[in-house]
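Chain and residue survey
Chain residues, written in single-letter form:
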Amino acid sequence: MNFLRLFARNLREGPYTEAFPFAPAPTAKRFRGKIEFDAETCEGCRLCERVCPAGAIKMERTAEGMTFDCWHDTCVFCGNCEFHCPTKSIHQTADWHLAHRQEDKYRMVEHGLIPFQVCTECGSKGLATAPAAGSANPPLTAEEFQHVKSLCPKCRGKFMRARKTKAKA
Amino acid sequence: MSVIERLKTMATKSPWIYRINAGSCNGCDVEMATCALIPRYDVERLGCQYCGSPRHADIVLISGPLTRRVLDATLRVFDEIPDPKVTVAVGVCPISGGIFRESYAVLAPIDQYFPVDVNVPGCPPRPQAIIEGIAQAVQIWRERL
Ligand code: SF4
Ligand code: SF4
Ligand code: SF4
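As the structure is a computational prediction, the values presented were derived from the model and not from experiment. (Residues numbered from 1 in each chain as written. Chains lettered and ligands numbered in written order. Predicted model: local features only at pLDDT ≥ 70, side-chain atom pairs only at ≥ 80, totals over all residues. Heavy atoms only, no water.)

Side note on the UniProt feature "domain: NADH:ubiquinone oxidoreductase-like 20kDa subunit" (unreviewed entry) in chain B
UniProt records the feature "domain: NADH:ubiquinone oxidoreductase-like 20kDa subunit" (unreviewed entry) at residues 25-136 of chain B, using the numbering of this structure. The span residues 25-136 of chain B shows a helical share of 32% and a strand share of 13%, and its end C-alpha atoms are spaced 25 Å apart. (UniProt positions renumbered as here; feature names shortened; annotations may be inferred. Helix = DSSP H or I, 4+ residues; strand = E, 2+ residues; numbered from the N terminus.)

Right under this line is the structure:
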C-alpha cells in the first residue's frame, strides 16, 4: 500500500530531488545493508558460512579461537546468513555508506573473534561460544546460560542431560 | 591566471561520465541510469553528465564481473577514454566477482586489468551509494587534473 501513498503524493506535489549528498538520504528501516557480527551471542555453528552464496563469510580456527570475517566487497546483501542464524548474531544493518577508495578495498571487513576459554568445571580448553540452547525445555535462565557458556562442550552436554532428567522427574 | 589554468578550473566543475557494462546482470546499470534519469537522485547536480562517447569522458563507471568475451572490447573502449580519467567499479561484481566469484567464465576482480580508483559495493548499490562514489571520484579527478 505504501506505493499507492507515494503515488498519490507524487500526483499532488510532483517530483522532487533529494538533497543527498549534501544532506542525509532517507533510508528504509528494513534496508538490507552492511553485515554486523556479534561474537558474544554466536553459537559457532558456522551455518552462515555454509549458506552464504557469495562466499563472503569465512570462519577459521586459529591459536586464539574462532575468527569470523565477512568481506563487504563480495557480500550481495541477500540476507541468507541472518535468516539461517539461530541466534541472530549476524544481522544486516541499514548502513549503506560503503563507497571507498581502492586502497581500502581489503579493509572492508567485519571481523570478530570467539576466544578460547578454560572450562570452569574440568579445566580443559574450549571455545567461548554461546550455548546452543534453542531447544532447551524449560528455557535456560540467565544464570544457567552464563554457567553453560563457561563450560567446555563435554561438560555442557553433561549439564544439559542432567537438567533434562531433572525436568522429567 | 593563464588560459590553461582557467580552462582547468572550468573543467573540474563538470566531469563527464561514461558507463561500461562488462557483463553486468543489468542491475547495476539500471541503478546508474536511475542516478541521472530520475529527478529524485539527479546526479547532474554535481555537474556530472553521462555522455555517449568514451572520447568525451572523464570518469568511467564499470559494472559487471568482466566476462571473458567482453575483455577485449572493454579494454579497447577503456583505452579510448582520454587521460587523466578516474575509474569507478560499481557493484560487487567488478570489485571481487560477487555472486560470480571463482566462475570459469569471469575475470573478476577487474583491478587485474584496469586501474580502479573507487569501489562502490552493493548488489546493486542504491543510487545514493553510487552518487557517493561519484562524489569521491570527482575529488580524485580534481587532484589529478
Ligand atoms: S553467526 Fe549465527 S549462523 Fe554464524 S556461526 Fe554464529 S550462530 Fe552460527
Ligand atoms: S547477506 Fe548474503 S552474501 Fe552477504 S554475508 Fe550474508 S549470506 Fe553472504
Ligand atoms: S553487482 Fe549484483 S546487480 Fe550489479 S551486476 Fe553484479 S550481480 Fe548484477
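On we go from here.
Describing the interface of chain A and chain B
Contact residues are listed per partner, giving 30 residues for chain A and 32 residues for chain B. It is A99(A), R101(A) and Q102(A) in chain A that bury the most area against chain B; as a group they hold 22% of the surface buried on that side. In this assembly, chain A and chain B are joined by 3 salt bridges. Salt-bridge contacts for R40(B) lead to E18(A); the nearest nitrogen and oxygen are separated by 3.0 Å. Between chain A and chain B we count 19 residue pairs in polar contact (both at pLDDT 80 or more) in total. The class makeup of the residues in the side of chain A that touches chain B is 18 nonpolar, 8 polar and 4 charged. Bridging between strand β5 (residues 100-101) of chain A and strand β5 (residues 118-120) of chain B involves 2 bridges; their strand directions are antiparallel. (Contact = heavy atoms within 4.5 Å. Buried area = accessible area lost by both parts, 1.4 Å probe. Salt bridge = Lys/Arg side-chain N within 4 Å of Asp/Glu carboxyl O. Polar contact = N/O pair within 3.5 Å; in protein donor to acceptor, adjacent residues only side chain to side chain. Nonpolar A, V, L, I, M, F, W, Y, C, P; charged D, E, K, R; others polar. Pairing = 2+ DSSP bridges.)

A short note on the environment of A137(B)
Residues and elements named next belong to chain B. As for its placement among the helices and strands, A137 is situated in helix α5 (residues 127-144). The exposure class assigned to A137 is buried, which follows from its relative accessible area of 0%. Residues A137 and T87, spaced 50 residues apart in sequence, show a C-alpha to C-alpha distance of 7.6 Å. Not counting the four nearest positions on each side in its chain, A137 is found in contact with I59, V86, V88 and V118. (Buried < 20%, exposed > 50% of the residue type's maximum accessible area, 1.4 Å probe, protein only.)

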